[in-house]
Amino acid sequence: MADLAIGDITITYEREEVVDFTPPFMTLGVSILYQKALASASGGFLFTDPFTLEVWICILFLSCFASWEEFHLRNGKNPNCHNKKPEYLVTELTFMNCLWFVTGSFMRQCYDIKLKSVPTRTVAAMWWFFTLVIVSLYVAQLVFIFSHPSSSAESHFSNLEELVTRAPEKQIKFGAKLGGATASFFERMAEDNNVYAKAWAYMHNHEEDIMVKTNDEGVRKALQERYALFYGK
């Protein structure tokens, strides 16, 4: 028979009926044990990671719009188009030339066709400023991704509410130790909190598949499967 014991045991109402606990010197609450998210493998399209798909679509749309605007504000047709033997040739500012100008601005390339009118030069100046900001953001984000690989990892959830909401979509199972203090905690909190109620309802309805008998079993399950283990520290 033991008179005194020291251990990391959660104080519950049932345990207090048979054991006298001293005031706790540390309380850490309930944690979620889950596999660390792995960085998404983009393969040959790693260069697209700095921006989302929506941002790339907006850039493409703005590129086409700026090309059309330059073409719309051009100086007119080639003045030498009707002269069979002109003294010198003047390149007409076609839509393809405008598109090439807009694309070359991103690559910081020179452009051999001069924009003579004030409207076309104004649009060009605004576009150059836009590309300067976009390229700077792209380079900074790309450097950050390479220096922090884990930042591009796929995060399934960051808290209990996200876990309960995304579990069906991400096919994530979650549970706790069967008959443990953590499971009792969820059962009590389910009466007052909707998120805990959903979590407890899922664990109670799938008790045979997701509830574990020991914490070690839960750790192995979390390592081998897409499984989140609730446990009290």
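Predicted model only: the values in this text are computed from it and were never measured.

**Student:** When you look at unusual backbone geometry in this model, what are you seeing that I'm missing?
**Tutor:** Keep in mind that most residues, glycine aside, have a negative phi and that most peptide bonds are trans. One non-glycine residue, Gln171, lies in the positive phi region at around 55°. In this fold, Gln171 is placed in the loop between helix 5 (160–170) and strand 2 (173–176).

**Student:** Hey, could you run me through the pairing of strand 3 (residues 227–232) in this one?
**Tutor:** The side chains of a regular strand alternate, residue by residue, between the two faces of the sheet. For strand 1 (residues 30–33) and strand 3, the ladder comprises 4 bridges, and the chain directions are antiparallel. Across the sheet, the residue bridging to Val30 is Gly232, located in strand 3. Examined bridge by bridge, strand 2 and strand 3 share 4 bridges and lie parallel to one another. Directly across from Lys173, in strand 3, lies its bridge partner Tyr227.

**Student:** How do you make sense of the sheet that holds strand 2 when you look at a structure like this?
**Tutor:** The strands making up a sheet associate through backbone hydrogen bonding, with each pair oriented either parallel or antiparallel. Taking strand neighbours across the sheet as the criterion, the 3 strands line up as 1-3-2 in an open arrangement whose pairing is mixed. Both edges of this open sheet fall to strand 1 and strand 2, since each of them pairs with a single strand only. Between one strand axis and the next, the sheet turns by 25° as a mean value, whatever way the strands run.

**Student:** Sorry, what's going on with the packing of aromatic side chains here?
**Tutor:** Two descriptors summarise a pair of aromatic rings, namely the distance from one centre to the other and the angle between the planes of the rings. The tally for this structure, following the rule as stated, stands at 13 aromatic pairs. Measuring from ring centre to ring centre gives 6.0 Å for Trp56 and Tyr138, while their planes differ by 70°; the resulting arrangement is edge-to-face. With a gap of 82 residues between them, Trp56 in helix 2 (residues 53–72) and Tyr138 in helix 4 (residues 118–147) connect regions that are remote in the sequence. Here Trp56 falls in the partly exposed class, since its relative accessible area comes to 29%. With a centroid separation of 5.2 Å and 35° between ring planes, the pair formed by Trp127 and Phe130 is classed as tilted. Of this pair, Trp127 and Phe130 both sit in helix 4, 3 residues apart, which is roughly one turn of that helix. Geometry around Tyr227 places Lys221 over its ring, the cationic atom sitting 5.4 Å from the centre.

What counts as what
- Residue indices follow the written sequence of each chain, beginning from 1 at its first position.
- This being a predicted model, a pLDDT of at least 70 is required before a residue's local features are given, and a value of 80 or more before pairs of side-chain atoms are given or counted; all residues contribute to the totals for chains, interfaces and linings.
- The side-chain figures draw on all heavy atoms in the structure; neither hydrogens nor water molecules are used.
- Numbering goes from the N terminus for both helices and strands, where a helix is a DSSP run of H or I of at least four residues and a strand is a run of E of at least two.
- Strands were regarded as paired on the criterion that DSSP finds at least two bridges between them.
- For every element, the axis is a line fit to its C-alpha atoms; helices are fit only across the contacting stretch, and the angle between N-to-C directions ranges from 0 to 180 degrees.
- In summary, the pairing rule links any two rings of Phe, Tyr or Trp, Trp by its six-membered ring, whose centres are within 6.5 Å, and it sorts them by plane angle into stacked for under 30 degrees, edge-to-face for over 60 and tilted for everything else.
- For each residue, the accessible area found with a 1.4 Å probe, counting protein chains only, is set against the maximum for its type, and the residue is called buried under 20%, exposed over 50%, and partly exposed in between.
- In our convention, an over-ring charge means Lys NZ or Arg CZ found within 6 Å of a ring centre and within 35 degrees of that ring's normal.

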